[in-house]
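# Structural overview
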Amino acid sequence: MAGKKKTIRIRTQPRIYREPEPLKLDLGSGPRPAPGFKGVDRVPGCADFCVNLCDGSRWPWADSSVDELRSCHAIEHIDAVFLKGVKGYPGEEVDAFYWFMDEAFRIAKPGAVFTLQWPALQSERAFRDPTHRRFIPHTVINY
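To start, this report covers the structure provided alongside it.

Time to look at the pattern of salt bridges. Evaluation of the coordinates by the stated rule reveals 10 salt bridges. For Asp67, the salt bridge goes to Lys109, with nearest N and O atoms at 3.0 Å. With a gap of 42 residues between them, Asp67 in strand 4 (residues 66-72) and Lys109 in strand 7 (residues 108-117) connect regions that are remote in the sequence. Classification of Lys109 as partly exposed rests on a relative accessible area of 34%. The residue Arg134 makes a salt bridge to Asp95 at a minimum N-O spacing of 2.6 Å.

One pass over the structure, following the stated rule, counts zero disulfides. Cys50 carries a free sulfur, and the closest cysteine sulfur to it, the one in Cys46, is 8.5 Å from it. The structure places no disulfide on Cys54, whose sulfur is separated from the nearest cysteine sulfur, that of Cys50, by 13 Å.

Now for the sheet that holds strand 4. Read from one edge to the other, the open sheet built from five strands follows the order 3-2-1-4-7, with strand pairing classed as parallel. Both edges of this open sheet fall to strand 3 (49-50) and strand 7, since each of them pairs with a single strand only. Together, strand 1 (24-27), strand 4 and strand 7 form the strand contacts of helix 1 (residues 96-107), whose direction differs from that of strand 7 by roughly 140°.

The rules behind these values
Residues numbered from 1 in each chain as written. Predicted model: local features only at pLDDT ≥ 70, side-chain atom pairs only at ≥ 80, totals over all residues. Heavy atoms only, no water. Salt bridge = Lys/Arg side-chain N within 4 Å of Asp/Glu carboxyl O. Helix = DSSP H or I, 4+ residues; strand = E, 2+ residues; numbered from the N terminus. Buried < 20%, exposed > 50% of the residue type's maximum accessible area, 1.4 Å probe, protein only. Disulfide = S-S within 2.5 Å. Pairing = 2+ DSSP bridges. Contact = heavy atoms within 4.5 Å. Axes fitted to C-alpha atoms, helices over the stretch in contact; angles between N-to-C directions.

The following block contains the structure:
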């Protein structure tokens, strides 16, 4: 038996490449994110991710990692405050609203869709809700 070699054949399955599932975040979603989106809210246990989106802390997603963002009737609730000591803005104060926008654009992939919806400035609804902290003209989107 010395000198006789055994041949072993291993069958392998073909590798099938699967695109990773797109990451779609609904910012300020509350308990009901839009279909196909992961919810993000600051209330613990309310959404898929518990994140305070407006306190000056870096959001937990990597740069250019999110395929789509949406925020429906949340930005008008961002406190009209200036954040101090925010990382990346040494010695400066940053408006919480602009911090929110900067972080959203940081995590969005190139070409990502970012859908925002808020009450029209001319609408009575904008002023009816006492939790609204900002009254936002449509031209702010140029930021």
